[in-house]
Structure formats: structure tokens, C-alpha cells
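The lines below spell out each chain.
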Amino acid sequence: RLACRHIHVTKRKSANILLGARCQHRLLCSQGASSSFNDQDEVEINIDMLDCSGPHRATLIWMHGLGDTGTSWAKAFELHGQRLLESGCRILCPTAPVREMTAANGDQMTAWYDLIGIPDRTREPCQGLDDVSDWVKAVAMEEAQQCSGVNSVFLGGFSQGGAVAL
């Protein structure tokens, strides 16, 4: 159900910290969830990666909010996250796939899962959330193997990305 292999990575170096590395992962959609990804069974998720300068001790996976991108958050972490990077923390900022949003009259935007309505979302099915959650878990497990284990991988996010992190 999940494919989390790196397709390509490009990197640039600045001040002994790898910045702007990009890779792609694939998110395989379960049956029924693919309609919100424009009838695709598989979508690519780009990840902006800020790599630490020393030994890789931890990873932060940070997910953006509705309509945003991982690139904008990677730029913010590049400016304000130097202590994390210097302490051995790799920062991954994935960009959600573009999908039709029910709450936005079917307009397409980057989103981790579909929203039906804005005012009251207590009974929403959050179509696509299970697939994205499984994908995040798989990426977190990959990172755990590369650093100090699962206790060294942290999830965070803003708005809809924060909901995915929870």
C-alpha cells in the first residue's frame, strides 16, 4: 500500500549545512480515497530537506497548512532553524498533493486531506487522512533507521498539517 523510496535528490551546500535537498516519495491511495486525488492511484509528494551539518541525531517532519507548500516552511527553517540543524536534527518539509477540495467548491489546492465544510468539521470523514497518516508513519520509520531510533523522530505542523501530525 505504501511506497516510500527516494526517486531523486539534489542538494546544495551552505555554511556546512545541506540546504534545499529535494526528494520525492510516492503515496499510494487506498480504494475510494483516490477520487480526491483526481482519480490517481498514486501521487508524488515532494519533500524539501534541510540536513544537519554533523551526525544525524534526530528528524523533524513538518507539515504545512491548507494551500501552502513544504518549500515555504523549509525557507523559514533555513532562516530560523539553525540551532536545530547544528544540533544534528534533519528537517523534512513535505508538500501535500494537489487535490480537489469540497469546502472550496471543488477548487484544487495542496491539502493533506479533503475538507467538506469549514464551520463544523466534527463529523467529517477527512477523506485521504488515513493514507497520508500511513505515509507519514512510513517516512518516520525510514528516518528512525537513519538516526537514533523512533524516539528521535518528531512530527509537527501548522493548521491542517498539525492535524496530520496528531
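Residues numbered from 1 in each chain as written. Predicted model: local features only at pLDDT ≥ 70, side-chain atom pairs only at ≥ 80, totals over all residues. Heavy atoms only, no water.

Asks: Honestly, the pairing of strand E5 (residues 89-94) in this entry has me stumped. Any pointers?
Replies: Every other side chain in a regular strand lies on the same face of the sheet, so the side chains alternate between the two faces. When you tally the buried positions in E5, you get six out of six residues, the bulk of the element. Both strand E4 (residues 58-63) and E5 contribute to a ladder of four bridges, which runs parallel. When the bridges of E5 are listed, Thr59 appears paired with Arg90. (Buried < 20%, exposed > 50% of the residue type's maximum accessible area, 1.4 Å probe, protein only. Helix = DSSP H or I, 4+ residues; strand = E, 2+ residues; numbered from the N terminus. Pairing = 2+ DSSP bridges.)

Asks: How should the packing of aromatic side chains be read in this particular structure?
Replies: Each aromatic ring pair is characterised by the separation of its centres together with the angle its planes make. Per the stated rule, a full pass over the model turns up three aromatic pairs. Here Trp62 and Phe77 contribute two aromatic rings whose centre-to-centre distance is 5.7 Å and whose plane-to-plane angle is 75°, an arrangement assigned as edge-to-face. Taken together, the residues span a long stretch of sequence, with Trp62 in strand E4 and Phe77 in helix H1 (residues 70-80) at a distance of 15 residues. What makes Trp62 buried here is its relative accessible area of 18%. Classification of Phe77 by relative accessible area gives buried; the value is 14%. Measuring from centroid to centroid gives 5.8 Å for Trp73 and Phe158, while their planes differ by 40°, and the two rings are tilted. (Phe/Tyr/Trp six-rings, centres within 6.5 Å; stacked < 30°, edge-to-face > 60°.)

Asks: Looking at this structure, I do not really get unusual backbone geometry. What am I missing?
Replies: Trans peptide bonds make up the majority, and among non-glycine residues the majority have a negative phi. A positive phi is found at Asn105, a non-glycine position, where the angle reads about 55°. Along the chain, the position of Asn105 falls in the loop between strand E6 (98-100) and strand E7 (108-110). You will see that Ser159, though not glycine, has its phi angle at about 55°, which is positive. Along the polypeptide, Ser159 turns up in the loop between strand E8 (153-157) and helix H4 (160-165).

Asks: Looking at this structure, I do not really get the nonpolar core. What am I missing?
Replies: Counting residues in each nonpolar core, the largest one holds 24 residues, and the members touching the most others are Ile61, Met63, Trp112 and Val164. Secondary structure elements with two or more residues in this core: strand E3 (42-51), E4, helix H3 (129-146) and H4. It is H3 that provides the largest number of residues to this core, a total of six residues. With sequence-adjacent residues up to four places away left out, Met63 is seen in contact with Pro94, Trp112, Val136, Gly156, Gly157, Phe158, Gly161, Gly162, Val164 and Ala165. Core analysis: the next-biggest nonpolar cluster, separate from the first, contains 10 residues, Ala58, Trp62, Phe77 and Cys89 among them. (Core = buried A, V, L, I, M, F, W, Y, C linked by side-chain atoms within 4.5 Å. Contact = heavy atoms within 4.5 Å.)

Read these as layout, nothing more, since geometry by itself doesn't imply function.
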